[in-house]
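Coordinates in review
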Amino acid sequence: MARREEELALNLADVRQRIAAACASAGRDPGEVTLIAVTKTWPASDVRLLYELGVRDIGENRDAEAAPKAEACEDLDITWHFIGQLQTNKAASVARYASVVHSVDRLRLISALGRAAHRAERTLRCLVEVSLDGDPARGGAVAADVPALAEALADEPGLVLGGVMAIAPLSMDPMEAFTKLLDSAAAVRAVRPAATIISAGMSADLEAAVAIGATHLRIGTALLGVRGPLVR
Ligand SMILES: *Cc1c(COP(=O)(O)O)cnc(C)c1O
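Residues numbered from 1 in each chain as written. Predicted model: local features only at pLDDT ≥ 70, side-chain atom pairs only at ≥ 80, totals over all residues. Heavy atoms only, no water.

1. A few points about the overall build of the protein
A count of helical and extended segments in the protein gives nine helices and eight strands. Whereas a compact globule of 232 residues would reach a radius of gyration of roughly 17 Å, the protein reaches 17 Å, a difference of no more than 12%. Carbon and sulfur atoms make up 52% of the accessible area of the protein, which amounts to about 10600 Å² in all. Of the side-chain charges in the protein, 25 are positive and 30 negative, and the distance between the mean point of each set is 4 Å. (Helix = DSSP H or I, 4+ residues; strand = E, 2+ residues; numbered from the N terminus. Rg over C-alpha atoms; globule rule 2.2 N^0.38 Å. Areas by Shrake-Rupley, 256 points an atom, 1.4 Å probe, with all protein chains shown as cover. Lys, Arg positive; Asp, Glu negative; His and termini not counted. Charge placed at Lys NZ, Arg CZ, Asp CG, Glu CD.)

Shown next as structure tokens:
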């Protein structure tokens, strides 16, 4: 095995072990938890190595980086997750490769994604991103706006309401933060019972996310290593 492949294999085994232990503590089946490898800042060759190691879900947060990477991996059966703040003028591009958009936080974006999905002849699963500290400056809707966004997503042709997503604010205990997400998750399921996705948990807080019932974990650093200083 080449060095990078070996490194990724070891990291993946470690992350899978952490998920298994967290599931055991929570009395959950690890099969309920999808691991999304967040490959932002890392090359398409790393996506390919992760794929060979069995990873099928890849997350990216910037369209300018994700679009060429998805194209370079077109021959692979990958589910691409768009997890970053999304401008409406990038919706058309994202709709061409992403299957799941985790960061839907405003009505204008819903209509833009709907039009983009229609033009790309694809269906996009969309999650309502919730701001857990009530400060939407970094993206995410306040909890009070979640029901209206869920209704709009459910009504938009080409989009499927999938569930909720959140990032634990640095200022909060992750367990406390993720527990707040459960109210929004219930509000979304009230609109569409099948919208059961809870996307929560990153490298540092995946255990807390599994404990509160997360179905999707977005893991970058623990799998791929520490990113360069310029990109979050
Ligand atoms: C970068 C990123 C992650 C992964 O974070 P790590 O701490 O590297 O695991 C997860 N979610 C979002 C939205 C991100 O931008």
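2. Comments concerning the packing of helix α6 (residues 146-155) against helix α7 (residues 174-191)
One way to put it is that α6 packs onto α7 with a least axis distance of 9 Å and a crossing angle of 35°. Judged by the twist between their axes, the crossing of α6 over α7 is right-handed. Counting all contacts with α6, which are made through Val-146, Pro-147, Ala-150, Glu-151 and Ala-154, the residues of α7 involved are Ser-184, Ala-187, Val-188 and Val-191. Classifying every residue of the contact of α6 with α7 gives seven nonpolar, one polar and one charged. (Axes fitted to C-alpha atoms, helices over the stretch in contact; angles between N-to-C directions. Left-handed = near helix turned anticlockwise from the far one by under 90°. Contact = heavy atoms within 4.5 Å. Nonpolar A, V, L, I, M, F, W, Y, C, P; charged D, E, K, R; others polar.)

3. Comments concerning unusual backbone geometry
A positive phi angle is found at Thr-41, which is not glycine, with a value near 75°. In this structure, Thr-41 sits in the loop between β1 (34-38) and α2 (44-52). Not every positive phi belongs to a glycine, and Glu-121 is a case in point at roughly 55°. As for its position among the elements, Glu-121 is in the loop between α5 (107-120) and β5 (124-129).

4. Section: the pattern of salt bridges
Inspection of every chain in the model, using the stated rule, returns nine salt bridges. Between Glu-32 and Arg-28 there is a salt bridge whose closest N-O contact spans 3.1 Å. Residue Glu-32 is classed as partly exposed on the basis of its relative accessible area of 42%. Between Lys-69 and Glu-60 there is a salt bridge, and its shortest N-O distance comes to 2.7 Å. (Salt bridge = Lys/Arg side-chain N within 4 Å of Asp/Glu carboxyl O. Buried < 20%, exposed > 50% of the residue type's maximum accessible area, 1.4 Å probe, protein only.)

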